[in-house]
Every structure is written in structure tokens, then in C-alpha cells.
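This is what each chain is made of:
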Amino acid sequence: MTVCPMAVVHNSSFRLTKEHFLVAVPVAVISAAAGFLVSRYLSSRTCKKGHVNTCFSKDSPKVVHSFDMEDIGTKAVYCRCWKSKKFPYCDGAHTKHNEETGDNVGPLIIKKRDA
């Protein structure tokens, strides 16, 4: 009669040796860096959905400015990039904004027609 040897199950826990650690850390760092670079590349190719208004009347649900045509005079230049220090009037801050972001926003210019 032959006896089948029983499988021996060792009750040992997983052990990470120094050699395993020296291999695992660089692999993890390279993988993380590659994942970060790929995510940056992919996010730069899509439209960014962020807040346009970063600092004006943030406690208000909607920022609205109203002006009477009679009060404007012959010409008024209004900001549309939300970066002007004189908001709602344009101070030319869109130029720096456009250079930094690749955007093409400019002011809203309202003027009276010549009679």
C-alpha cells in the first residue's frame, strides 16, 4: 500500500527582505512619476473646468453689474477676464492672463456712435 504524502502548509507570513525592498522602491517611484506625467499630459489636452472669477463678490450667487448708457460718456471698457484690479473696468490684466494661459480674452468696449 502506497501512502500519498500530504501537502505541508507552512503558516508563515509574507516577509520583505532587504533585496526585495531595494528593487520595489525604485519601481514604485518610477511608476508613480510615469503616472503623474501621463495624467498631466492628458489633462493639458482637455478643457479645464475651473472658476473664472477667483476673487470678486464670492459671497454672491451671481455677479452682475448694471450701468446706465447716459453715465458711460463716449466710451467705457469693461473687464471680461476677471483679473482687473479695477473690476468691473478693464486695466489690461487680460494681456498677462492670455500670455500665461494661452487664452484670447479681451475687454468689452462700449462707445457711442459718431453722429
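For clarity, every value in this text was computed on a predicted model and none was experimentally measured. All residue numbers here refer to positions counted from 1 along the written sequence of the relevant chain. Side-chain atom pairs in this predicted model are given and counted only at pLDDT of 80 or more, local residue features only at pLDDT of at least 70, and totals for whole chains, interfaces and linings cover all residues. For the side-chain quantities, the full set of heavy atoms in the structure was used; hydrogens and water were omitted.

Things to note about the overall build of the protein
Right, on to step 1. In terms of helices and strands, the protein carries three helices and two strands.
Right, on to step 2. N-terminal to C-terminal, the α/β element order of the protein is α-α-β-α-β.
Right, on to step 3. Burial here depends on accessible area, computed with a 1.4 Å probe over protein chains only, as a share of the maximum for the residue type. Under 20% is buried, over 50% is exposed, and the range in between is partly exposed. Every one of the 115 residues in the protein was classed for burial, and the buried ones make up 15%.
Right, on to step 4. By definition in these notes, contact holds between two residues if any of their heavy atoms fall within 4.5 Å. Expressed as a percentage of contacts within the protein between residues at least 6 apart in sequence, the contacts between residues at least 24 apart total 46%.
Right, on to step 5. Just so you have it, the protein exposes about 10,700 Å², and 59% of that area is on carbon and sulfur atoms. Every helix listed is a DSSP run of H or I at least four residues long, and every strand listed is a run of E at least two residues long, numbered separately from the N terminus. Only the protein chains shown count as cover for residues, and the accessible areas themselves come from Shrake-Rupley with a 1.4 Å probe.

A short note on the pattern of salt bridges
Right, on to step 1. The salt bridge criterion pairs a side-chain nitrogen of Lys or Arg with a carboxyl oxygen of Asp or Glu, the two atoms within 4 Å. Evaluation of the coordinates by the stated rule reveals one salt bridge.
Right, on to step 2. A salt bridge links E100 to K96, with the nearest nitrogen and oxygen atoms 3.9 Å apart. Of this pair, E100 and K96 both sit in helix α3 (residues 93–101), four residues apart, which is roughly one turn of the helix. Side by side, E100 and K96 carry an identical accessibility label, which is exposed.

What about the side chain of S84?
Right, on to step 1. Structurally, S84 is set in the loop between β1 (75–78) and α3.
Right, on to step 2. Polar contact is defined as a pair of N or O atoms within 3.5 Å, subject to the rule that within protein one atom must be able to donate a hydrogen and the other to accept it, and that residues adjacent in sequence are counted only when both atoms are side-chain atoms. A polar atom in the side chain of S84 sits 3.5 Å from the backbone nitrogen of F87.
Right, on to step 3. At 3.4 Å, the side chain of S84 forms a polar contact with the side chain of D91.
Right, on to step 4. Setting aside residues up to four positions removed in sequence, S84 forms contacts with F56, C79, Y89, C90, D91 and A93.

Here's the deal with the packing of aromatic side chains
Right, on to step 1. Only Phe, Tyr and Trp rings take part, Trp by its six-membered ring, and two of them pair if their centres are within 6.5 Å. Stacked means planes under 30 degrees apart, edge-to-face means over 60, and tilted covers everything else. A complete count under the given rule lists four aromatic pairs for this structure.
Right, on to step 2. Aromatic pair Y78 and Y89: ring centres 5.6 Å apart, planes at 25 degrees, arrangement stacked. Highlighted residues: Y78 in strand β1 and Y89 in the loop between β1 and α3, separated in sequence by eleven residues.

With respect to the nonpolar core
Right, on to step 1. Formed by F56, C79, C81, W82, F87, C90 and V105, the largest nonpolar core amounts to seven residues.
Right, on to step 2. Aside from chain neighbours lying at most four places away, what touches W82 is V52, N53, F56, V63 and F87. In this text, buried Ala, Val, Leu, Ile, Met, Phe, Trp, Tyr and Cys residues form a nonpolar core when linked through side-chain atoms within 4.5 Å.

Quick word on unusual backbone geometry
Excluding glycine, most residues fall at negative phi; most peptide bonds, likewise, are trans.
Right, on to step 1. A cis amide bond links F87 to the next residue, P88, at an omega of 15 degrees.
Right, on to step 2. Note that P88 resides in the loop between β1 and α3.
Right, on to step 3. The phi dihedral of W82 falls on the positive side, at around 70 degrees, and the residue is not glycine.
Right, on to step 4. Within the secondary structure, W82 sits in the loop between β1 and α3.

Concerning the state of the cysteines
Right, on to step 1. We call a pair of cysteine sulfur atoms a disulfide whenever their separation is within 2.5 Å. For the coordinates displayed, the defined rule picks out zero disulfides.
Right, on to step 2. Its sulfur unpaired, C79 is 3.8 Å from the next cysteine sulfur, which belongs to C81.
Right, on to step 3. Cysteine C90 shares no disulfide, and the gap to the nearest cysteine sulfur, in C79, comes to 5.9 Å.
Right, on to step 4. For C90, a relative accessible area of 16% translates into the label buried.

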